[in-house]
Amino acid sequence: MRTLLPELPEPSDDERAHAARVTAHVAARIDAAGGCLPFDRYMELALYAPGLGYYAIDRQQFGSAGDFATAPELGRLFGACLARQCAGVLAELGNGSILEFGAGSGALCRQLLEELAALDCLPERYLVMETSAALKARQMDAVAALPAELARRVTWLDRLPEAAFHGVVVANEVLDAMPVTRFAVTGQGVARCGVRVVEGGFDWCVNEPANADGPLASLAARHDLPPGYRSEYRPRANAWIASLGEWLGRGAAFIVDYGYPAAEYYHPERARGTLQCYFRHVVHDDPLVLTGVQDITAHVDFSAVAAAAREAGLDIMGYASQSAFLLGAGLMDVIGSGAPTAEGQLALSNEVKRLTLPTEMGELVKVLVLGRGLDRAPDAFGGVDRSQALES
Ligand SMILES: C[S@@+](CC[C@H](N)C(=O)[O-])C[C@H]1O[C@@H](n2cnc3c(N)ncnc32)[C@H](O)[C@@H]1O
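One structure accompanies this document, and this report is about it. (Residues numbered from 1 in each chain as written. Predicted model: local features only at pLDDT ≥ 70, side-chain atom pairs only at ≥ 80, totals over all residues.)

### Comments concerning the site of the ligand
Turning to step 1, where the next piece is worked out: Near the ligand lie 20 residues; those nearest to it are Thr70, Gly102, Gly104, Ser132 and Asn172.
Turning to step 2, where the next piece is worked out: Residues of the shell around the ligand, tallied by class, amount to 11 nonpolar, six polar and three charged. (Near = placed C-beta within 6 Å. Nonpolar A, V, L, I, M, F, W, Y, C, P; charged D, E, K, R; others polar.)

### As for the environment of Cys193
Turning to step 1, where the next piece is worked out: Along the chain, Cys193 turns up in strand S7 (residues 189-198).
Turning to step 2, where the next piece is worked out: Overall, Cys193 belongs to the buried group, with 21 C-beta atoms counted inside 10 Å.
Turning to step 3, where the next piece is worked out: Between the alpha carbons of Cys193 and Ala324 there is a distance of 36 Å; along the sequence they are 131 residues apart. (Helix = DSSP H or I, 4+ residues; strand = E, 2+ residues; numbered from the N terminus. Buried ≥ 20, exposed ≤ 12 C-beta atoms within 10 Å, placed from the backbone.)

### Here's the deal with the pairing of S7
Turning to step 1, where the next piece is worked out: By the bridge criterion, two bridges tie strand S1 (residues 37-38) to S7 in an arrangement that is antiparallel. In the strand pairing of S7, Leu37 is matched with Val195.
Turning to step 2, where the next piece is worked out: As paired strands, strand S6 (residues 181-186) and S7 are joined by four bridges and run antiparallel to one another. In the strand pairing of S7, Thr186 is matched with Gly189.
Turning to step 3, where the next piece is worked out: Adjacent in sequence and paired antiparallel, S6 and S7 are bridged by two residues. (Pairing = 2+ DSSP bridges.)

### Let's talk about the sheet that holds strand S12 (residues 282-284)
Turning to step 1, where the next piece is worked out: The three strands lie next to each other as S12-S11-S13, forming an open sheet whose pairing is antiparallel. Two strands close off the open sheet at either side, each with one partner strand: S12 and strand S13 (295-297). In this sheet, adjacent strand axes meet at a mean angle of 25° when their direction is disregarded. (Axes fitted to C-alpha atoms, helices over the stretch in contact; angles between N-to-C directions.)

### Remarks on the nonpolar core
Turning to step 1, where the next piece is worked out: Among the nonpolar cores identified, the biggest contains 120 residues, and Cys86, Phe254, Val305 and Leu370 are the most heavily contacted of them.
Turning to step 2, where the next piece is worked out: Here the element with the most residues in this core is helix H4 (residues 77-93); it accounts for 10 residues.
Turning to step 3, where the next piece is worked out: Not counting residues up to four positions away in its chain, the partners in contact with Leu370 are Ala252, Ala253, Ile255, Ala309, Leu314, Asp315, Ile316 and Met317. (Core = buried A, V, L, I, M, F, W, Y, C linked by C-beta atoms within 7 Å. Contact = placed C-beta atoms within 7 Å.)

### Thoughts on helix H1 (residues 13-32)
For an α-helix, the turn length of 3.6 residues means that residues three or four places apart are oriented alike.
Turning to step 1, where the next piece is worked out: In this model, H1 (20 residues) spans 29 Å end to end at C-alpha, consistent with the 28 Å of a helix rising 1.5 Å per residue.
Turning to step 2, where the next piece is worked out: Residues His18, Val22, Thr23, Val26 and Ile30 constitute the buried set of H1. Relative to the axis of H1, the buried residues are bounded by an arc of 140° and lie together on one face. Counted as exposed and oriented over 90 degrees from the buried face of H1: Asp13, Asp14, Ala17, Ala20, Ala24, Ala28, Asp31 and Ala32.
Turning to step 3, where the next piece is worked out: Where the residues of H1 are buried, they touch S1, helix H2 (39-48), S7 and strand S8 (201-211).
Turning to step 4, where the next piece is worked out: Just downstream of H1 lies Gly34, where phi reads positive at about 95°. (Expected span 1.5 Å × (residues − 1). Arc of directions from axis to C-beta.)

### Remarks on the pairing of strand S2 (residues 97-101)
Turning to step 1, where the next piece is worked out: S2 sits mainly inside the fold: five of its five residues count as buried.
Turning to step 2, where the next piece is worked out: Of the two faces of S2, the one carrying Ser97, Leu99 and Phe101 and the one carrying Ile98 and Glu100 are both buried.
Turning to step 3, where the next piece is worked out: Note that S2 and strand S5 (residues 165-172) share five bridges and pair parallel. Each bridged residue has a counterpart across the sheet, and for Phe101 the counterpart in S5 is Ala171.
Turning to step 4, where the next piece is worked out: Sheet topology places S2 next to strand S3 (residues 126-129); four bridges connect them, and they run parallel.

### Some thoughts on the packing of H4 against helix H5 (residues 107-118)
For any two helices packed against each other, the geometry is given by the interaxial angle and the distance between the axes.
Turning to step 1, where the next piece is worked out: Remark: H4 packs on H5, axes separated minimally by 9 Å, with the N-to-C direction vectors making an angle of 60°. The angle between H4 and H5 places the two elements in the oblique class. The element H4 and its partner H5 pack so that their crossing is right-handed. Of the residues in H5, those touching H4 at Gly79, Ala80, Leu82, Ala83, Cys86 and Ala87 are Leu108, Gln111, Leu112, Glu115 and Leu116.
Turning to step 2, where the next piece is worked out: Among the residues forming the contact of H4 with H5, the class breakdown is eight nonpolar, two polar and one charged. (Parallel < 35°, antiparallel > 145°, perpendicular 65-115°, else oblique. Left-handed = near helix turned anticlockwise from the far one by under 90°.)

### Examining the packing of H5 against helix H6 (residues 133-144)
Turning to step 1, where the next piece is worked out: Where H5 meets H6, the axes come as close as 9 Å, and the angle between the chain directions of the two elements is 30°. Between H5 and H6, the interaxial angle falls into the category roughly parallel. Along this stretch, H5 crosses H6, giving a crossing that reads as right-handed. Residues Ala107, Cys109 and Arg110 of H5 form the contact with H6, whose own contacting residues are Gln139, Ala142 and Val143.
Turning to step 2, where the next piece is worked out: Here the contact of H5 with H6 is composed, by residue class, of four nonpolar, one polar and one charged.

This is the structure in structure tokens:
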């Protein structure tokens, strides 16, 4: 049986009971698959199995009372800066809508609409594409608290747009929540990792034996990965970008996430990969415990995303660290326009630190903007665009 890391908080009785239910569900899938389930399927079930997965239940995932904090959950600064950049794109288009993927608690949707209203640049419609029914219900509550003029613009989509979409696409910490293939380099090639059932829980297994051919082998060869190296690869993000290339008419997609260009992602020192799990703000790298009650993520390979975008006929409009992007988007002006009280100033200064310090989200989180049919890149990238780094 896998033991919980000592630094992990004790799960409550309810959390233990829920983890036991999810574990039984996943174990049945592993049995049905012959004893070893590909890791991406395990991650998909652990996060999204209807009524069971981490994002599919009524749990407080976001914010200080949850397991992790995303930028919009920290306050209004991220949303206010992003709104200014969305406004630039909507102005160039002469109009258009916003389509947000994976809207979490609905915080960013509320902030963007409020800020765009203040900028007098509201989108025609604000569409949300959310895979989790539980989160969709929470987003609906959040939107219901908005003034009617804003709330009436919001619609939840059941499927991707069929006709050309004109406007702005937003995906904050969505790609890192998409299931990944986990692999291990061996002397014989690259093996795909899977998950098997052991007494009291799960353990790793080899799902597909080492192969000297195929995309994983060429990835390992390209980055000279030595035997023993483990990491991740995310074909689902490439497929998501390919689909964006099909339905984006004119507009820009703001993709914000933890990650690096490929040369850093597959750096010799990152030999354990980038899997990260969050349980009540403790971060660790064992996705096979607390199944269904902890978040599982893996960083984004932004070079792979950029390559998929080029293949899909999309332009790379800019790439920068979150810190550089927010400063370029007017963070200092936004700060100056709020928080008159001493208490407010302290909260604001903490928020700025979380968003911009290199030891927090400032450097590790990147902003990549893809586009089509636009003449100008978002002005936040002036002087700080690092798209060249994605060529690795
Ligand atoms: C880490 S949370 C981020 C939530 C929110 N964007 C934020 O910044 O607080 C990931 C979100 O993406 C959703 N999600 C994951 N894969 C998705 C997909 N393929 N399409 C739409 N939503 C997705 C999850 O249900 C969840 O709402």
